[in-house]
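# Breakdown of the fold
Here's the letter readout for the chains.
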Amino acid sequence: MKRRKTLRYLVPAIGLFTLAVIQPLRAGIEEGDSAASTSTDLSSAGGDKEMKEASKEMKEQKELSKEEAFRPKEGLYAGLYGGAGYMDTNHYTSNFSSGLIGNGNLGGNWQWVGGVKVGYQWKGWELGDNLAGKGWYLMPAAEFDGFYIGNSQSGTGVTGFGHAGVFTGFGTNTGMQLNMGILTINGLLKLVTPWKLVPYIGMGVGGYYLSASNISQSILGHGIVNGASTTDGGFVFTPIAGTEYYFTRELSLFVEFKFLYMNNPILNYGTAVGNESMHFGEMLNYIGVLGAKYVFW
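As the structure is a computational prediction, the values presented were derived from the model and not from experiment.

Conventions used here
- Residues numbered from 1 in each chain as written.
- Predicted model: local features only at pLDDT ≥ 70, side-chain atom pairs only at ≥ 80, totals over all residues.
- Heavy atoms only, no water.
- Phe/Tyr/Trp six-rings, centres within 6.5 Å; stacked < 30°, edge-to-face > 60°.
- Helix = DSSP H or I, 4+ residues; strand = E, 2+ residues; numbered from the N terminus.
- Buried < 20%, exposed > 50% of the residue type's maximum accessible area, 1.4 Å probe, protein only.
- Lys NZ or Arg CZ within 6 Å of the ring centre and 35° of its normal.
- Contact = heavy atoms within 4.5 Å.
- Pairing = 2+ DSSP bridges.
- Core = buried A, V, L, I, M, F, W, Y, C linked by side-chain atoms within 4.5 Å.
- Salt bridge = Lys/Arg side-chain N within 4 Å of Asp/Glu carboxyl O.
- Polar contact = N/O pair within 3.5 Å; in protein donor to acceptor, adjacent residues only side chain to side chain.

A few words now on the packing of aromatic side chains. The full count for this structure, using the stated rule, is nine aromatic pairs. Aromatic pair Phe70 and Tyr246: ring centres 5.8 Å apart, planes at 50°, arrangement tilted. Of this pair, Phe70 sits in the loop between helix 1 (2-68) and strand 1 (75-87) while Tyr246 sits in strand 9 (residues 222-246), placing them 176 residues apart in sequence. Here Tyr246 falls in the buried class, since its relative accessible area comes to 0%. Centroid distance Phe259 to Tyr286: 5.4 Å. Interplanar angle 45°. Geometry classified as tilted. One end of the pair, Phe259, is in strand 10 (residues 251-262); the other, Tyr286, is in strand 13 (residues 283-295), with 27 residues separating them in the sequence. Phe259 gets classed as partly exposed once you look at its relative accessible area, which sits at 27%. A cation over a ring is seen here: Lys117 above Phe254, with NZ or CZ 4.9 Å from the ring centre.

Moving on, we come to the environment of Leu76. For Leu76, the location among the structural elements is in strand 1. Looking at Leu76, the relative accessible area reads 31%, which means it is partly exposed. For the pair Leu76 and Phe296, spaced 220 residues apart in sequence, the C-alpha to C-alpha distance is 5.6 Å. The residues touching Leu76, leaving out its near neighbours within four places in the chain, are Val118, Gly119, Tyr120, Tyr294, Val295, Phe296 and Trp297.

Looking at chain direction, strand 3 (residues 101-106) and strand 6 (residues 137-163) are connected through five bridges and run antiparallel. Residue pairing across strands places Asn103 opposite Val158, the latter belonging to strand 6. Bridge count between strand 4 (residues 109-121) and strand 6: 10 bridges; the pairing is antiparallel. Paired with Gly114 across the two strands is Tyr148, which belongs to strand 6. Summarising the sheet, strand 5 (residues 125-126) and strand 6 pair through two bridges and their orientation is antiparallel. Residue pairing for strand 6: Trp125 is matched across the bridge by Leu138. Both strand 6 and strand 7 (residues 166-192) contribute to a ladder of 27 bridges, which runs antiparallel. Looking across to strand 7, one finds that Phe144 is bridged to Ile185.

Ranked by internal contacts, the top residues of the largest apolar core, which has 38 residues, are Met176 and Leu210. Sorting elements by how many residues they give to this core places strand 8 (residues 197-219) first, with six residues. Residues within four places of Leu210 in sequence aside, it is in contact with Leu178, Asn179, Met180, Thr230, Thr231, Asp232, Met262, Pro265, Leu267 and Met283. Ranked by size, the runner-up nonpolar core spans six residues in total, among them Phe70, Tyr137, Val192 and Tyr246.

The next point concerns the pattern of salt bridges. For the structure on display, the rule yields six salt bridges. Here the residues in one salt-bridge network are Lys117, Glu143, Asp145, Glu256 and Lys258, joined through shared partners.

Tracing the sequence through the fold places Glu244 in strand 9. Glu244 gets classed as buried once you look at its relative accessible area, which sits at 1%. A polar contact of 2.7 Å, which involves the side chain of Glu244, links it to the side chain of Lys293. Residues within four places of Glu244 in sequence aside, it is in contact with Lys190, Lys196, Leu197, Val198, Tyr200, Ser252, Leu253, Phe254 and Lys293.

What follows is the structure in structure tokens.
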């Protein structure tokens, strides 16, 4: 009886002890699971943040790449420019209606230049495999180019008679003001670089209009022409080389050099010793200008 009584009290005591031990362990396990879940959630949140930052960096890199791969705007443009030039020494010959003949040299002086151009530049072609995507392009353009050249001419020569193969001449001084309008159609090929610098070459063909005024001429100090004026026109061609720098895709500043060839102008005017026809040789002009250009659309 005594043993049974003891067992009756011992069994509940063992159950209470077991419960006391298991309950904290279960709480610890549940707390661990909760912490792990929280850690997983935090890791997931951190991963999303990192992915967003990486996506942002990739977008910025793409925008930077686009900026580096600069390309001027395609479209219609207009530009203004001004500068200076040098007219090479030019030989002339004269024929008078009275039978006098003469020759001499004019030119060899500086001149002012100002002009305007209107043209169109095309999108062009991306260069080779090694340069693809790096901002290197060939861009063609065509333009109308009109400019003014003004200078004062002075020179010396001889005027006289030729008879039986013998020429008898007298010292001649000649001077005049030349104003010239040039209109050319130019074809250009431009090399677009990633640094917004665009060198180019080209060629133009067209015509000139020449106005000669205040013509003066004297023979042995005696004036035979005083203030005459005349005009002429003819063909020109000009090789071109230049460089543009683009501040934006539309606006650029350019430096340009031209070699202008004018074929054989002829001046006809009256003198005190008969009408004179002055034939120039080939007029060669070396021109440099600075200008600004804007691409409209």
